[in-house]
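Take a look at the letters that make up each chain.
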2 protein chains.
Amino acid sequence: MQEFELIRSIFQSSVMANTEGRNDILLGIGDDCAQVQIPEGQTLVFSMDTMVEGRHFPFDADPLDIGYRAVATCVSDLAAMGAKPAFFTLGLTMPESDPQWLAAFAEGMAELAEPIGLLLVGGDTTKGPLTITLQVHGYVEKEQTPRRSQAQVGDDIYVTGTLGDAAAAVPIVTGEMHISAARFDYFYDRFWRPSPRLIAGMALKRVVHSMLDVSDGLAQDLQHITTASGVGAKIRLADLPVSDELRDWQPDSAYTLALTGGDDYELCFTAPKSAREEIQLITQTLHLPCTIIGEITESGFEVEGFQGELGGWQHF
Amino acid sequence: MQEFELIRSIFQSSVMANTEGRNDILLGIGDDCAQVQIPEGQTLVFSMDTMVEGRHFPFDADPLDIGYRAVATCVSDLAAMGAKPAFFTLGLTMPESDPQWLAAFAEGMAELAEPIGLLLVGGDTTKGPLTITLQVHGYVEKEQTPRRSQAQVGDDIYVTGTLGDAAAAVPIVTGEMHISAARFDYFYDRFWRPSPRLIAGMALKRVVHSMLDVSDGLAQDLQHITTASGVGAKIRLADLPVSDELRDWQPDSAYTLALTGGDDYELCFTAPKSAREEIQLITQTLHLPCTIIGEITESGFEVEGFQGELGGWQHF
């Protein structure tokens, strides 16, 4: 079998490529194009993300982790649109065809993709430095799509889960820092296994004014909302949700990490004060911690209790 | 301005990102996801292609050419599905942010994308070795989609245009071979400026049984049809369409290049003999040369007049 056929067969035989029972997928892997019939009343939303070895994840990482995290981080964009995951494509560039690596990578992707109904329907495999491009696609009703540009003055600003753990984990996953085994396991997972807030995004989409996922750091991402909406924001450093594990380990920098560190893939959204009860009901039903961290203002960007430079992930 | 913002502004300000008058594009560049409303009665078809510098195109090539060819080769997959081009996403990995390079690259993409109505609606830009991933999307009626798997015994096998020029051009564009200026100009264009057969694909889709674009070499690609359809093929080497320029330059190898060389992006399709008149009418109306090169058989793969190894582009 040629290398190319071997690679294709690894992906094609994965559970995540099984189109059985999926009436929307008319053609999957194997023709010039894939073909999809979008369900009636739905629009298509999609997002493309590229991950480069040595920049977005460490060299020689576990392919199972790489696969899982690639899907998780990309699917998080669907959560921010309140969309239901539908299918994805994979552009994989790798230095050599390594069946064992590929099988583990596919297994990692499938571990998240299969249970959420995200089907692999196509892509391309090429030879070169390890680079992974995913395009994930979801369905959402036209009128129920949260956008970055709809925040309104007086809105509460919310964040799901906790922030800062993934940024704190970076020196651990790169091997620059060594810590106790228990702490290692917790933070390793917080970097490699983010939980995209899909159900929360779908449940909240009707209630929120604006929403996005926190990938580059809260301060930077929240400013994407204020800029797109033409408003300002005032948040309180002490109100940022921080895990007990992070506070125990790094009491001095925990809140700064929560403010500026990326890679947590929680949702940040704004909603009118009148929606507080409904939002509480939704997030309690989902057992998802959700914290009000501040409020949308007329202009400016203020972080009460923070002195320092507001940074964030630099894409370039 | 941050590098990242600069890159985004170059793409966002291009004519190919202008969503004005496009009711199908609800959200373009700038949110967590792009959002599209598929026109009524249409299905979505899409294809992802990755191009790596030094493998799919030479190092230090003209960014204008790289941009044009990236769109052309990827859009060719839409032609093979008889689809109307609609929108695309771009995953661009490059070693450093170079505004001049980016502007020329965007101009090359727009040169083809804009006139065919292919809108840039999103993507990702990252730092790393030059790697370009495009996903192109088109619309086609569910019942009128040519597939690779529908060839029938007795079908004529057709090829549009001429074959072999792009493969002959490779040593020229890599700089390994030097030839006269006139010849250089012709073959340089044949590699860098393929003409995806979009109109032909749309016009032929109702008439053909199966269709694909010739990207990896006729012999290899035609076998994708015969394998998927569970049939065989018999073609005649002497009937392959070859340009006068290639025959003049390389009389001995012209037909072998036409059989095994890739990168021409012509359409290969099969159709019942009863459709000959209609196909002639369509291709004459489009002023597109179209040649019958053989016939679909029960089994096997035979090339009359050819002795040698049947190769083709190796993806890995």
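None of these values were measured; they are calculated from a predicted model. (Residues numbered from 1 in each chain as written. Chains lettered and ligands numbered in written order. Predicted model: local features only at pLDDT ≥ 70, side-chain atom pairs only at ≥ 80, totals over all residues. Heavy atoms only, no water.)

Visitor: When you look at the interface of chain B and chain A in this model, what are you seeing that I'm missing?
Guide: How big an interface is tends to be stated in terms of the accessible area lost upon association of its parts. Chain B puts 62 residues into the contact, and the matching count from chain A is 63 residues. The contact between chain B and chain A buries some 5,200 Å² in all, and 58% of this surface belongs to carbon and sulfur atoms. Remark: the boundary between chain B and chain A carries four salt bridges. For B:Asp32, the salt bridge is made with A:Arg148, and the minimal N-O distance between the two is 3.1 Å. Its residues assigned to classes, the side of chain B that touches chain A comprises 25 nonpolar, 23 polar and 14 charged. (Contact = heavy atoms within 4.5 Å. Buried area = accessible area lost by both parts, 1.4 Å probe. Salt bridge = Lys/Arg side-chain N within 4 Å of Asp/Glu carboxyl O. Nonpolar A, V, L, I, M, F, W, Y, C, P; charged D, E, K, R; others polar.)

Visitor: I would appreciate a short explanation of the UniProt feature "binding site: Mg(2+) 3" (unreviewed entry) in chain A in the present structure.
Guide: Look at the UniProt record and you will see "binding site: Mg(2+) 3" (unreviewed entry) annotated at A:Asp32, A:Asp77 and A:Asp213. Of the residues just listed, which span 182 residues, the most distant C-alpha pair is 33.2 Å apart, and they do not cluster in one region. Topologically, A:Asp32 is positioned in the loop between β1 (25-27) and β2 (34-36). With near-sequence residues (within four places) excluded, A:Asp32 lies in contact with B:Ser47, B:Asp77, B:Ala80, B:Met81, B:Arg148, B:Met211, B:Leu212 and B:Asp213. Summarising the element assignment, A:Asp77 is placed in helix α2 (residues 63-80). A relative accessible area of 10% means that A:Asp77 is categorised as buried. In this structure A:Asp77 touches A:Ser47, A:Asp49, A:Asp213, B:Asp32 and B:Cys33, once residues within four positions along its chain are discounted. (UniProt positions renumbered as here; feature names shortened; annotations may be inferred. Helix = DSSP H or I, 4+ residues; strand = E, 2+ residues; numbered from the N terminus. Buried < 20%, exposed > 50% of the residue type's maximum accessible area, 1.4 Å probe, protein only.)

Visitor: Mind showing me how you'd approach the domain arrangement of chain A here?
Guide: Residue and element names in this part refer to chain A. As far as domains go, chain A holds domain 1 (3-143) and domain 2 (148-304). Computed over C-alpha atoms, the centres of domain 1 and domain 2 are 26 Å apart. Contact with domain 1, which involves 27 residues of that partner, is made by 19 residues of domain 2. With both sides pooled, the region where domain 1 packs onto domain 2 buries about 1,800 Å², and carbon together with sulfur makes up 63% of that total. Applying the counting rule to domain 1 against domain 2 returns four salt bridges. As a salt-bridge pair, Glu111 and Arg193 come within 2.8 Å of each other at their nearest N and O atoms. Inspection of the domain 1/domain 2 interface yields eight residue pairs in polar contact (both at pLDDT 80 or more). Listed by contribution, the elements that provide at least two residues to the side of domain 1 that touches domain 2 are α2, β4 (84-94) and α3 (99-113). Grouping the amino acids of the side of domain 1 that touches domain 2 by side-chain chemistry returns 16 nonpolar, four polar and seven charged. (Domains from an automatic or database assignment. Polar contact = N/O pair within 3.5 Å; in protein donor to acceptor, adjacent residues only side chain to side chain.)

Visitor: What is the right way to read the sheet that holds strand β9 (residues 232-236) of chain B from this model?
Guide: In a beta sheet, neighbouring strands are held together by backbone hydrogen bonds and run either parallel or antiparallel to one another. All names here are of chain B. Across the sheet, six strands lie side by side as β8-β10-β7-β11-β9-β12; this open sheet has mixed pairing. For this open sheet the edge positions go to β8 (210-213) and β12 (301-304), each flanked by a neighbour on one side alone. Across the sheet, the mean angle from the axis of one strand to that of its neighbour is 20°, orientation sign disregarded. Most of the contacts of helix α7 (residues 218-229) go to β8, to which it runs at about 150°, and overall it touches β7 (156-160), β8, β9, β10 (267-271), β11 (290-297) and β12. Taken strand by strand, helix α10 (residues 276-285) contacts β7, β10 and β11, and its axis lies near 5° from that of β7. (Pairing = 2+ DSSP bridges. Axes fitted to C-alpha atoms, helices over the stretch in contact; angles between N-to-C directions.)

Visitor: Help me understand the side chain of B:Thr145, please; the structure alone is not making it clear to me.
Guide: Residues and elements named next belong to chain B. Residue position: Thr145 is located in the loop between β6 (131-140) and β7. In this structure Thr145 comes out as buried when scored by relative accessible area, which is 12%. A polar contact is formed between the side chain of Thr145 and the backbone oxygen of Glu141, at a distance of 3.1 Å.

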